[in-house]
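This is what each chain is made of:
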Amino acid sequence: MRRLDQLLANLGYCSRREARAWIDDGRVTVRGESADNVSQKADPADVRVDGEPLDHPAGLLLLLHKPLGLVCSHDGREGPSVYGLLPARWQRRNPPVTSVGRLDKDTSGLLLLTDQSELVHRLTSPKHKVAKVYGATLSHGLPAGITELFASGTLLLKEEDAPCAPAALNIISPREAELTLTEGRYHQVRRMFASQGCEVVTLHRPRFGHLELGDLPVGQWRALPLTEFAR
Ligand code: URA
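Keep in mind that this is a model prediction, so the values were computed, not measured.

Cut-off values and rules
- Residues numbered from 1 in each chain as written.
- Predicted model: local features only at pLDDT ≥ 70, side-chain atom pairs only at ≥ 80, totals over all residues.
- Heavy atoms only, no water.
- Salt bridge = Lys/Arg side-chain N within 4 Å of Asp/Glu carboxyl O.
- Buried < 20%, exposed > 50% of the residue type's maximum accessible area, 1.4 Å probe, protein only.
- Helix = DSSP H or I, 4+ residues; strand = E, 2+ residues; numbered from the N terminus.
- Near = heavy atom within 4 Å.
- Polar contact = N/O pair within 3.5 Å; in protein donor to acceptor, adjacent residues only side chain to side chain.
- Areas by Shrake-Rupley, 256 points an atom, 1.4 Å probe, with all protein chains shown as cover.
- Pairing = 2+ DSSP bridges.
- Phe/Tyr/Trp six-rings, centres within 6.5 Å; stacked < 30°, edge-to-face > 60°.
- Lys NZ or Arg CZ within 6 Å of the ring centre and 35° of its normal.

## Quick word on the pattern of salt bridges
A full pass over the atoms with the stated rule returns 12 salt bridges. Here D5 ties to R3 by a salt bridge, and the two come within 3.0 Å at their closest N and O atoms. According to the relative accessible area criterion, D5 is buried, its value standing at 4%. Among the ionic pairs, R190 bridges to D104, the shortest N-O distance being 2.7 Å. Here R190 is found in helix 6 (residues 188–194), whereas its partner D104 is found in the loop between strand 8 (98–99) and strand 9 (107–114), with 86 residues between them in sequence. Accessibility classification places R190 together with D104 in one group, the buried group.

## So, the site of the ligand
By nearness alone, every residue bordering the ligand is listed as L103, D104, T107, Y134, H187, Q188, V189, R190 and L203. Residue D104 places a side-chain N or O atom 2.7 Å away from a nitrogen atom belonging to the ligand. A distance of 3.2 Å separates an oxygen atom of the ligand from a polar backbone atom of H187. Protein chains bury 96% of the 240 Å² of accessible surface belonging to the ligand in isolation. Counting residues per element, the shell around the ligand draws most heavily on helix 6, which supplies 3 residues.

## Regarding the sheet that holds strand 3 (residues 33–34)
If you trace the 4 strands from one edge of the open sheet to the other, you get 3-2-5-6, paired in antiparallel fashion. The open sheet is flanked by strand 3 and strand 6 (52–53), the only strands paired with a single partner.

## Focus: the packing of aromatic side chains
In this description, an aromatic ring pair is defined by two values, namely the gap between the centres and the angle between the planes. Per the stated rule, a full pass over the model turns up 3 aromatic pairs. In this structure, R27 is placed above the aromatic ring of W22, and the distance from its NZ or CZ to the ring centre is 4.0 Å. Sitting over the face of the ring of Y13, R89 holds its NZ or CZ atom 4.1 Å from the ring centroid.

Here is the structure:
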């Protein structure tokens, strides 16, 4: 049971102050009856605004096809962000919708967004070994032995104390490869290839765990059940 003003504000409908006016105007019902005041407590499933059920009251989990050129940041100074692709109401939710890990501005592909902080921790923790697949094109031909090196768990990146966890490299052509990581360090794919003299020219993530982008158009998202990772 939640206070109506808190519920509407947290789901991004309006401010708590505005909730009072919405209720006075009869826009909010609980089990079909007009709500009487902002402090009334209700089960979110029983609440309607303008006759419509609440928008994902239990939480949001979205699979987004991130375009190139957008950052995964809430700080407007960093430039246009993936959050700008979402409906305004979702951008006002509290807890806020955040990305599960980040993709660089110059990386496209599968990005999860959620307001479930526990899920963010679980899916980004290296302990849980969620496989993330990256397709890269490279500035130079891949050196001999790179697959074994990446798989060895001994590759030490500049200014890091711990070696990268074993990563599977699938070479598709001399300048094209797919890399599967179970951790998510800063610019990890670019830095792993750079350590071997190859600059990443394009980077795209088609898979995250058991999820794939499929034919989801760039810039679009689909909502997943909150139980998607409860397996
Ligand atoms: N590694 C990178 O270098 N960039 C990304 O966006 C993701 C993984």
